[in-house]
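Fold and contact review
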Amino acid sequence: MQLYEKLFYEALKIRLLEEKIIEVYPEDKVESPVHLSIGQEHHIVSIMEPLTNKDIVFTTYRSHAVYLAKGGDLKLMLAELYGKQSGISKGKSGSMHLCSPEHGMMGSSAIVGAIYSHSIGMAYAQKIDTSTNNITLCITGEGATEEGVFCETLNFASLKQLPIIYIIENNGLAINIPIEVRQSYTIEKLAKAYNIEYHSYEDSFDMLTINNKFSKLVTDMKKSPRPIIIEIHTYRYLEHVGISMDYDKGYRTLNEYEAWYKRDPLVLNETLIKRYKNKIIKDIDDAINFAENSPSSFKDELLTDVY
Amino acid sequence: MNDIIIYKNAIKNSMHYALEKNKNSIIYGIGVTDYIGIFGTTEGLEQEFGSDRVFDTPISEDAMTGFAVGASLGGLYPIHIHIRADFLLLTMNQLINSAAKYRYTYGGLFQTPMLIRAVIGRSWGQGAQHSQSLQSLFAHIPGLTVIMPSSAEAAEKCYKYAVMHYKNPVISFEHRLLYDYKFNKNSSLIDQNNPFDSYLVEEGNDITIVASSIMVQEAIKASDYISKYENISIEIIDINSVSHPNQTLILNSIRKTGKLIVADTSWLSHGLGAEISRMILETDVTLLKKPMKNLGMAQATCPTAKKLEYEFYPNLKDLVVSIYDLHFGTLKGKKIPSEEEIVYQYKYFKGPF
Ligand SMILES: Cc1ncc(C[n+]2csc(CCOP(=O)(O)OP(=O)(O)O)c2C)c(N)n1
């Protein structure tokens, strides 16, 4: 498969999975909050592509895209969302806390900003292990950068020249509050203040360009480790949490959405959609069947792993 | 119908009252001005009172808590709201090292009145970091006043009082599932002049239940349920203020009944039950005729899977069984709530938050 097709395939898988979740959600089989990645799949597959399983990723409650793009398994994920013993974490984590240690995905946190410091810790461990050149990715929304810990970790990452890439997904919203109400700064200038290299990817839909730039950066970083911030301009199609559109709520406009949607390769590229949709749908349906037919989390799990 | 008030509207009334009656009050937090308006409790307030007094904040809980300390020293009355109590953990330093200590450390030269409202998430897969009941953590600290209003009346009276009269930081835990609960508007169980005080919800002679937050409502349900089948006289006390419980009220009740159930929303160890045991043991070791019963969350992190979540929380059945056990010493031939009766409210709650 050509590179573009490969990226497209991965992104389409995430899109179709999220759409499946929307479809089954009203049946009440996923009895927990979901923060869907719809609209924000493209750049995630592009930046996961050059990473190895030893390169580590931390992310947030909006973790479906990262989980799948980093190599996570559909069946395990759906079983987790369905609260089943066969799920990633035996049903204990649900949608907000996906992880996949064997692929280098650590625990996702529902506490905004929590992973910044986990990430510098990981990057520090990577740095002092001179036998490898693995790196850490820390993926959050732009809202999370308002937590003081963001700046504290920038300082430390820069001081110690840690092999860390901060990916800031700027979708302009934190829950329902627009960025203008929350931020007086730009990430670019903050990066500068801490002597950290900054890149901006203006269009999250441009999978190839992002993949290209990012892959080069990763290769370079593995030779000369240093902290980097990448801000990616993107758009959240649905409400913050849940499965609905919320353009009637008055805090953003349908026009805004349409401007993105009209350019969305996962909608426009009918050839590739046609080529892969059926196969992906089948995989998803298999995973749904697996989840449905798995037993619920066993009762004794309640007190297992407590210490 | 006019006699009914739902919990969130009672809170909204108190927020409106705060802005109207205390010109120094400000209300802020993440989501305070969005269309959800903290489950409706701050809806429309920015429009009516302006964005100097009602505003959203950056996602900076720690800073915005220190801000409350400074604003309070500067003469404002901050009301800081968190849509999940779990986010209070980012504010512990300011709450415990500064807010709680300001008056005392400086020999009473300062005071830092403020109200922190924080919502306890429950049910529907809120999971590890969106469901915690942290009252005992804060109640442990001298200098903090911790309340858990269990009814519309409690919430409205406590908040109005806090805003107008109380000169200490108050942390209030609101239970997410209470927001749509209906209450009698004319209820008058709370002492106007001392609304944080623990109070009698139901009077009885056989068993004392000391409960917090939504467990008060569960206790009332358990008592109603049992009254259909058995003649057991149950006394229910709402602890109301976890940090400043009314020891006399509680001990007198236990002296009368000799049988005690403590029903809290949190973990058992080092919790409300432990605190009430302390009260008893320091006063009169012979007060209890039977070992007490403690209800709370299982000693684990909150799991997301429904099946496990259901095991994790105490429910109506646990209460009913505890009551039978204390009263009869057996469950034989006793009517126990069905699955539907237990999960009704948890089933019907569908979030998304
Ligand atoms: C410490 C903390 N404060 C508040 C919240 C509530 N909350 C959940 S997501 C969110 C917005 C985060 O926005 P952003 O970082 O831009 O990420 P996005 O959801 O847009 O991906 C907030 C405030 C939280 N989970 N944790």
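Residues numbered from 1 in each chain as written. Chains lettered and ligands numbered in written order. Predicted model: local features only at pLDDT ≥ 70, side-chain atom pairs only at ≥ 80, totals over all residues. Heavy atoms only, no water.

Examining helix 1 (residues 7-21) of chain B
Because each turn of an α-helix spans 3.6 residues, side chains separated by three or four positions in sequence point in the same direction. Quick note on the threshold: By definition, any uninterrupted DSSP run of H or I lasting at least four residues is a helix, any uninterrupted run of E lasting at least two residues is a strand, and each is numbered from the N terminus. Multiply 1.5 Å by the residue count of a helix minus one, and that product is the helix's expected span. In this scheme, a residue with accessible area under 20% of its type's maximum is buried, one over 50% is exposed, and one in between is partly exposed, where area comes from a 1.4 Å probe on protein chains only.
Across its 15 residues, helix 1 of chain B extends 21 Å between first and last C-alpha, which sits within 8% of the 21 Å expected from 1.5 Å per residue. Among all positions in helix 1 of chain B, only Y7, A10, I11, S14, M15, A18 and L19 of chain B are buried.

Quick look at unusual backbone geometry
Residue and element names in this part refer to chain B. Within the chain, I38 stands out as a residue other than glycine whose phi angle is a positive 45°. Along the chain, the position of I38 falls in the loop between strand 2 (25-29) and helix 2 (45-49). Even without being glycine, H270 reaches a positive phi, approximately 60°. Its location among the elements puts H270 in the loop between strand 12 (260-267) and helix 10 (272-283).

Considerations on the interface of chain B and chain A
Note the threshold: In what follows, a contact means two residues having at least one pair of non-hydrogen atoms within 4.5 Å. Buried surface area refers to the total accessible area, computed with a probe of radius 1.4 Å, that the two partners give up upon joining, counted for both partners together. One side-chain nitrogen of Lys or Arg within 4 Å of one carboxyl oxygen of Asp or Glu is enough to make a salt bridge. Pairs of N or O atoms are called polar contacts if they sit within 3.5 Å, as long as, within protein, a hydrogen donor faces a hydrogen acceptor (for residues adjacent in sequence, only side-chain-to-side-chain pairs).
Counting from both sides, the interface comprises 36 residues of chain B and, opposite them, 41 residues of chain A. Regarding the contact of chain B and chain A, the summed buried area is about 3,000 Å², with carbon and sulfur atoms giving 65% of it. Where chain B meets chain A, there are one salt bridge. For K299 of chain A, the salt bridge goes to E311 of chain B, with nearest N and O atoms at 3.5 Å. Taken together, the links from chain B to chain A amount to twelve residue pairs in polar contact (both at pLDDT 80 or more). With five residues, helix 11 (residues 306-312) of chain B is the single largest residue contributor to the side of chain B that touches chain A.

Quick notes on the site of the ligand
How we decide: The rule for a residue being near a molecule or strand is that one of its heavy atoms must lie within 4 Å of it. Each accessible area is a Shrake-Rupley result for a 1.4 Å probe, and residues are judged covered by the shown protein chains and nothing else. Buriedness of a pocket was judged along seven lines, with at least five required to meet protein on both sides within 12 Å; pockets are open sets of points on a 1 Å grid over the protein atoms alone, cavities are sets where a 1.4 Å probe fits but cannot get out, and lining residues have an atom within 4 Å of a point. To be counted as sitting in a cavity or pocket, a molecule needs more than half of its atoms within 2 Å of that site's grid points. Each residue receives one of three labels: charged for Asp, Glu, Lys and Arg, nonpolar for Ala, Val, Leu, Ile, Met, Phe, Trp, Tyr, Cys and Pro, and polar for the others, Gly being one of them.
If you check the shell around the ligand, you find 21 residues, and the closest are Y61, R62, A110 and G143 of chain A together with E61 of chain B. Side-chain polar atom of E61 of chain B to a nitrogen atom of the ligand: 2.3 Å apart, as the coordinates give it. Burial of the ligand by the protein chains amounts to 98% of its free accessible area of 580 Å². Comparing atom positions with the cavity grids shows the ligand to sit within the largest cavity. Classifying every residue of the shell around the ligand gives twelve nonpolar, five polar and four charged.

Here we look at the sheet that holds strand 3 (residues 54-55) of chain B
All names here are of chain B. Rules: A pair of strands is labelled paired if DSSP reports no fewer than 2 bridges between them. Inter-axis angles, ranging from 0 to 180 degrees, are taken between N-to-C directions of lines fitted to C-alpha atoms, where helices are fitted over the stretch in contact.
Sheet architecture is open: six strands sit in the order 3-2-4-5-7-6, paired in parallel fashion. On the outer flanks of this sheet lie strand 3 and strand 6 (145-147), each paired with one strand and no other. Judged from the seven bridges that link them, strand 5 (residues 114-120) and strand 7 (residues 169-175) form a sheet pairing that is parallel. Among the inter-strand pairings, M114 is bridged to a residue of strand 7, identified as P169. Of the strands in this sheet, strand 2, strand 3, strand 4 (77-82), strand 5 and strand 7 are in contact with helix 1, which crosses strand 2 at around 130°. Each of strand 2, strand 3, strand 4 and strand 5 touches helix 3 (residues 61-73); the most contacted strand, strand 4, lies at about 165° to it.

Some remarks on the confidence of the model for chain B
What counts here: Each residue carries a pLDDT score, the predictor's confidence in it, ranging from 0 to 100.
Counting all residues, the mean pLDDT for chain B is 95, and 97% of those residues have values of 70 or more. Of the two predicted TM-score estimates for the complex, the pTM is 0.95 and the ipTM is 0.92.

A few points about a nonpolar patch on the surface
Residues and elements named next belong to chain A. We count it as follows: For patches, a residue must show more than 30% relative accessible area and have no salt bridge; joins then use 9 Å for like charges and 5 Å for nonpolar side chains, namely Val, Leu, Ile, Met, Phe, Trp and Tyr.
A cluster of nonpolar residues, Y124, I128, F156 and L159, forms a patch on the protein surface that exposes about 390 Å² of accessible area. Breaking the nonpolar patch down by element, the ones donating at least two residues are helix 5 (114-128) and helix 6 (148-159). In this fold, F156 is placed in helix 6. Note on F156: relative accessible area 30%, which makes it partly exposed.

Looking at the packing of aromatic side chains
Rules: The criterion for an aromatic pair is that two Phe, Tyr or Trp rings (for Trp, the six-membered ring) have centres within 6.5 Å, with stacked assigned to planes under 30 degrees apart, edge-to-face to planes over 60 apart and tilted to the rest. Charge-over-ring contacts are defined here by two conditions on Lys NZ or Arg CZ: a distance within 6 Å of the ring centre and an angle within 35 degrees of the ring normal.
All told, the structure shown has 32 aromatic pairs over all chains when counted by the stated rule. Between Y7 of chain B and F183 of chain B, the aromatic rings sit 6.4 Å apart at their centres with planes inclined by 45°, giving tilted as the arrangement. On the criterion of sequence distance, the pair formed by Y7 of chain B in helix 1 and F183 of chain B in strand 8 (residues 182-184) is long-range, its members being 176 residues apart. Taken as a pair, Y7 of chain B and F183 of chain B share a single burial class, namely buried. Summarising the aromatic geometry, the rings of Y161 of chain B and Y166 of chain B are spaced 6.1 Å apart at their centres and angled 45° between planes, so their arrangement reads as tilted. The class of Y161 of chain B is buried, set by a relative accessible area of 19%. On the basis of relative accessible area, Y166 of chain B is assigned to the buried category, the value being 18%. Here the aromatic residues F205, Y235, Y237, Y247, Y257, W260 and Y261 of chain A are joined through ring pairs into a cluster of three or more. Geometry around W260 of chain A places R263 of chain A over its ring, the cationic atom sitting 5.2 Å from the centre. We note R176 of chain B situated over the ring of F39 of chain B; from NZ or CZ to the ring centre the distance is 4.1 Å.

A short note on the environment of K249 of chain A
Here K249 of chain A shows up in the loop between strand 7 (228-233) and helix 9 (254-261). Considering only alpha carbons, one finds K249 of chain A and A287 of chain A, 38 residues apart in sequence, at a separation of 34 Å.

Focus: the nonpolar core
Proteins that are soluble and globular tend to have nonpolar side chains buried together. Put simply, the rule reads: By nonpolar core we mean a set of buried residues, namely Ala, Val, Leu, Ile, Met, Phe, Trp, Tyr and Cys, connected to one another through side-chain atoms within 4.5 Å. For every domain, the bounds stem from an assignment made automatically or drawn from a database.
If you look at the biggest cluster of nonpolar residues, it comprises 67 residues, and the most contacted ones within it are I79, I209 and I323 of chain B. When residues of this core are sorted by domain, at least three fall in each of domain 1 (4-184) and domain 2 (199-343) of chain B. Once residues within four sequence positions are removed from consideration, I209 of chain B is found in contact with A219, I234, E235, I236, I237, I261, A263, L319 and I323 of chain B. One finds I44, A79, L266 and Y276 of chain A within the second-largest nonpolar core, a separate group that totals 66 residues.

Observations concerning the pattern of salt bridges
Residues and elements named next belong to chain A. In this structure the tally under the stated criterion is 35 salt bridges over all chains. Across the salt bridge formed by D264 and R15, the nearest N and O atoms sit 2.8 Å from each other. Of this pair, D264 sits in the loop between helix 9 and helix 10 (265-268) while R15 sits in helix 1 (residues 3-24); the two residues are 249 residues apart in sequence, bridging distant segments of the chain. Of the residues examined, R15 reaches a relative accessible area of 4% and is grouped as buried. A cluster of three or more residues bridged by salt bridges with shared partners is formed by R15, E41 and D264.

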